[in-house]
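Summary of structural features
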Amino acid sequence: MSSSVSAARPSWRELAALTLLPAILLLLNLGSAPLFDVDEGAFSEATREMLERGDFVSTWLNGMPRFDKPILIYWLQALSVSLFGVNEWSFRLPSALAAIVWCVAVGRFAWPRFGREAAQLATLVGATSLGVFVIGRAATADSLLNCLLTLAMTDAWRHLESGRKAPLRRMFLWIGLGVLTKGPIAIAIPAIVTLLFCATRGEWRRFLRAAFDPLGWLILLAVAAPWYIAALMIHGQAFIDGFIMKHNVGRFSGPMEGHGGSLFYYLLIVPLLLLPWTTLLLRALGEIRAGSAQPLQRFLWIWFGFVLVFFSFSGTKLPHYALYGCTPLFLLIALHRDKIKREWLAFLPPLLLLAFLAALPKLLEYALASGRVTDPYYMAQLARVVEIGGKAYAAISVAALIAAISLTFWRSEPVWRRLSFIAAIQAVLLASLVTPFVGELLQGPVKRAALVAREVGGPAVQWNFFQPSFAVYRGQSAPMREPLPGELALTRFDRLPPDIPVETLFAEGGVRLVRRLP
């Protein structure tokens, strides 16, 4: 295959500069919001229990085996917490660092193939896209998996374009670490995308030689197999039923925990995940036919297309699944950055998003006053919106919107560069204002209830209310069950049984911390 690689590669100084902006945006105010339940709370509590138990092979949640994900993210979170203490920043740090590597890997890959300017933009698109920004600051496994998938896929291409063995063996290493992060999907995406690309060129032997490279498989198995064997030996059939059947086969065959959706779910989700770059995405989509004549662009479109189709047919649909196929879009957006024909269309999505963020407290007030929110718990939580989203929120968010509008009139710069400044404004606003606001609104009472429970002491449970971050902040597991007399319980005010006497120790929003009376 003819290579499109040029001699120009980023120097160490240029690579450091490429890293700077993603690092600033993804680490900014990282620990400002409480852990979001259920996912962040569950991962963080499982990590806390890992350290408490000294068990670095199995994961537990409130004293019960947790088979949701493999072990690697828990190891990294445990290392971070051991170094920096039990806090939100420590739990989220591995995801943020993975997201930084993810974005920089995209730019480093693009630099010799598309040029310096495109590489810088591709890195920025990754760091500021709404979906990456959210998942890259969440204490879950998905940022790490996306990072490893990006490393695997870019090394797969390096092998395809050059025939060199070194990137092929690195690809197997990244896949092995991905299998330790989230399971078989880390094999499926690189294998099937590479197969489809080679099939379009009739290069079956090339694919077979790469796919069945003996040393590559030895690397993969050496990385991933020991933990899987250990987990199987410890938990036996429960591991197979929980991890393999429920959280892999089960997620694809049917909706889990109410996370379903139509066949067109991800066609609507992807443009939202790519905000503020949505219009440039649509413009890149218009170039599919012409771009697919070039091998690298064809590879990128197959990568995106396979993920889109695969997860569209999955029974369980979650927005962040689409991110596994968004990385090639960062590159394609950067490649087609100068092809916008109507400027106002490029700026409309980010300006609408910034306007929405500025109006968010008022919109929540309206939703509450108009009766559009009917769940008693969320009605009680949203009743606090006026005191939380005050004048400072309004002033800062409106100022950000005005600054973004002003940038649209900076005619001396191309559209993509002005959009880059607006994207940075969006990311800073989300990190410094919006995420802390939403976190306080949804999770603040849970965190304060846990701190009260920690001060009071004694056993505590979660009663008709699953908020695993409660155990993290309390520093002790809190199983899901009815409390015994004298025990503390975290619950919702609307789920307190009227026939069981309790003493209320903490009440805020819809959250209650109670002690059951004899």
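See the structure printed just above.
Below, the structure is looked at part by part. Small disclaimer: the values here were computed from a predicted structure and weren't measured.

The number of helices and strands found in the chain is 23 helices and six strands. Relative to the 2.2 N^0.38 estimate, which gives 24 Å for 518 residues, the radius of gyration of the chain is 24 Å and therefore close to what a compact globule would have. Counting only C-alpha atoms, the chain reaches 80 × 60 × 45 Å along its principal axes. Of all 518 residues assigned to the chain, the portion counted as buried reaches 55%. Of the contacts made within the chain by residues no fewer than 6 positions apart, 75% connect residues no fewer than 24 positions apart. Counting every atom, the chain has about 21600 Å² of accessible surface; 66% of that belongs to carbon and sulfur. Averaging the positions of the 48 positive and the 33 negative side-chain charges in the chain gives two centres separated by 10 Å.

Residues Leu263, Phe264, Leu267, Val309 and Phe313 make up a contiguous nonpolar surface patch of about 520 Å² in total accessible area. Along the chain, the position of Leu263 falls in the loop between helix H12 (237-253) and helix H13 (265-273). What makes Leu263 partly exposed here is its relative accessible area of 42%.

The tally for this structure, following the rule as stated, stands at three cavities of 30 Å³ or more. Computed from the structure, the largest cavity encloses a volume of approximately 80 Å³. If you go around the largest cavity, the residues you meet are Val57, Ser58, Thr59, Pro65, Arg66, Phe67, Lys69, Trp227, Ala231, His235, Phe239 and Phe243. Every element with two or more residues in the lining of the largest cavity is listed here: helix H11 (214-235) and H12. A per-element tally of the lining of the largest cavity places H11 first, with three residues. Taken together, the residues of the lining of the largest cavity sort by class into seven nonpolar, three polar and two charged. Estimated volume of the second largest cavity: approximately 40 Å³. Broken down by secondary-structure element, the contributors of at least two residues to the lining of the second largest cavity are H13 and helix H16 (295-312). For the lining of the second largest cavity, the leading source of residues is H16, giving four residues. Broken down by class, the residue content of the lining of the second largest cavity amounts to eight nonpolar, one polar and no charged.

Between helix H9 (residues 185-200) and H16, the least distance of the axes is 9 Å, while the angle of their chain directions is 130°. Considering their axes alone, H9 and H16 lie oblique with respect to each other. The handedness of the crossing between H9 and H16 comes out as right-handed. Mapping the contact onto sequence places Ile185, Ala188, Ile189, Ile192, Val193, Thr194, Leu196, Phe197 and Thr200 in H9 and Pro295, Arg298, Phe299, Ile302, Trp303, Phe306, Val307, Phe310 and Phe311 in H16. Considered class by class, the residues forming the contact of H9 with H16 number 15 nonpolar, two polar and one charged.

The next subject is helix H7 (residues 142-162). End to end, H7 covers 30 Å across 21 residues, agreeing with the expected 30 Å (1.5 Å per residue, within 8%). Burial of H7 is extensive: 20 of the 21 residues sit out of reach of the surface. Where H7 terminates, the next one or two residues include Gly163, which has phi positive at roughly 80°.

The rules behind the values
- Numbering of residues starts from 1 in each chain and follows the order in which that chain's sequence is written.
- Selection of residues for local features in this predicted model requires a pLDDT of at least 70, selection of side-chain atom pairs for listing and counting requires 80 or more, and totals for whole chains, interfaces and linings are taken over all residues.
- Side-chain metrics rest on all non-hydrogen atoms present in the structure, leaving aside hydrogens and water.
- A run of H or I in DSSP counts as a helix once it spans at least four residues, and a run of E counts as a strand once it spans at least two, with each numbered from the N terminus.
- Radius of gyration here uses only the C-alpha atoms, and the compact-globule reference equals 2.2 Å multiplied by the residue count raised to the power 0.38.
- Residue exposure (1.4 Å probe, protein chains only): buried if accessible area is under 20% of the type maximum, exposed if over 50%, otherwise partly exposed.
- Should any heavy atoms of two residues lie within 4.5 Å, those residues are considered in contact.
- For the area figures, the Shrake-Rupley method with a 1.4 Å probe applies, and any residue is considered shielded solely by the protein chains shown.
- Charge assignment: positive for Lys and Arg, negative for Asp and Glu; neither His nor the chain ends contribute.
- The location of each charge is read from NZ of Lys, CZ of Arg, CG of Asp or CD of Glu.
- Only residues whose relative accessible area exceeds 30% and that take part in no salt bridge are eligible for patches, with like-charged residues grouped when within 9 Å of each other and nonpolar side chains (Val, Leu, Ile, Met, Phe, Trp, Tyr) grouped when within 5 Å.
- A carboxyl oxygen of Asp or Glu within 4 Å of a side-chain nitrogen of Lys or Arg is what we treat as a salt bridge.
- A cavity here means a set of 1 Å grid points, computed over protein atoms only, where a 1.4 Å probe fits but cannot escape. A pocket is an open set with protein on both sides within 12 Å along at least 5 of 7 lines, and lining residues have an atom within 4 Å of a point.
- Grid points are joined across faces, edges and corners, and a volume is the space filled by probe spheres set on the points.
- Ten residues, namely Ala, Val, Leu, Ile, Met, Phe, Trp, Tyr, Cys and Pro, are considered nonpolar, four, namely Asp, Glu, Lys and Arg, are considered charged, and the remaining ones, Gly among them, are considered polar.
- To obtain each axis, a line is fitted to C-alpha atoms, and for helices this fit is confined to the stretch in contact; angles are then taken between N-to-C directions over 0 to 180 degrees.
- Any angle that falls under 35 degrees is termed roughly parallel, while one over 145 is termed roughly antiparallel, one within 65 to 115 roughly perpendicular, and all others oblique.
- Put simply, a crossing is left-handed when the front helix is turned counterclockwise from the back one by less than a right angle, and right-handed when it is turned clockwise.
- Between the first and last residue of a helix there are one fewer steps than residues, each counted as 1.5 Å, and that sum is the expected span.

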